[in-house]
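Fold and geometry: a report
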Amino acid sequence: MNVTREITFNAPPSVTAIAVGAWLIVAALAVLAWRRSGYNAATSCLEMMRLLLATFAVVTLCQPEWKEVYEPSERPVLVL
């Protein structure tokens, strides 16, 4: 049996562009906050968590789907 597994994203290009743009804005704000704090280690951990949560939100907005296609190696049998 042949099995094909893949992840697909079903978001339209406009939603993808908005999501990536929002993530870039969050990343820029995180870097600015980290620089303003004087490169504090605690602030960097907080900003990394913020970026991780923003990444999860962006991936969720892009509607991911796990797709598996099963192709049987044998022909089906019909019993009458």
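Going by the structure above, here's the rest.
Because the structure is a prediction, the values reported are computed rather than measured.

**Topic: the pattern of salt bridges**
- Tallied over the entire structure, the rule returns three salt bridges.
- In this structure, Arg5 engages Glu68 in a salt bridge whose closest nitrogen and oxygen atoms are separated by 3.5 Å. Of this pair, Arg5 sits in strand β1 (residues 2-9) while Glu68 is found in strand β2 (residues 64-71), placing the two residues 63 residues apart along the sequence.
- We classify Arg5 as exposed; its relative accessible area is 52%.
- Judged by its relative accessible area of 33%, Glu68 is partly exposed.
- Where Glu6 meets Lys67, a salt bridge forms, and the shortest distance between an N and an O atom there is 3.6 Å. On the criterion of sequence distance, the pair formed by Glu6 in strand β1 and Lys67 in strand β2 is long-range, its members being 61 residues apart.
- On the basis of relative accessible area, Lys67 is assigned to the partly exposed category, the value being 38%.

**Observations regarding helix α2 (residues 41-61)**
- For α2, built from 21 residues, the straight-helix expectation of 30 Å at 1.5 Å per residue is met to within 8% by its first-to-last C-alpha distance of 30 Å.
- Of all the positions in α2, only Thr43, Glu47, Leu51, Ala54 and Val58 are classed as buried. Buried residues of α2, viewed axially, fall in a sector of 75 degrees; they line one side. In α2, the exposed positions angled more than 90 degrees off the buried face are occupied by Ala41, Cys45, Leu46, Met48, Met49, Leu53 and Thr60.
- Those residues of α2 hidden inside the fold are in contact with α1 (13-36).
- Where α2 starts, the residue carrying a side-chain oxygen 3.4 Å from the main-chain nitrogen of Ala42 turns out to be Asn40.

Cut-offs used in this document
Residues numbered from 1 in each chain as written. Predicted model: local features only at pLDDT ≥ 70, side-chain atom pairs only at ≥ 80, totals over all residues. Heavy atoms only, no water. Salt bridge = Lys/Arg side-chain N within 4 Å of Asp/Glu carboxyl O. Helix = DSSP H or I, 4+ residues; strand = E, 2+ residues; numbered from the N terminus. Buried < 20%, exposed > 50% of the residue type's maximum accessible area, 1.4 Å probe, protein only. Expected span 1.5 Å × (residues − 1). Arc of directions from axis to C-beta. Contact = heavy atoms within 4.5 Å. Polar contact = N/O pair within 3.5 Å; in protein donor to acceptor, adjacent residues only side chain to side chain.

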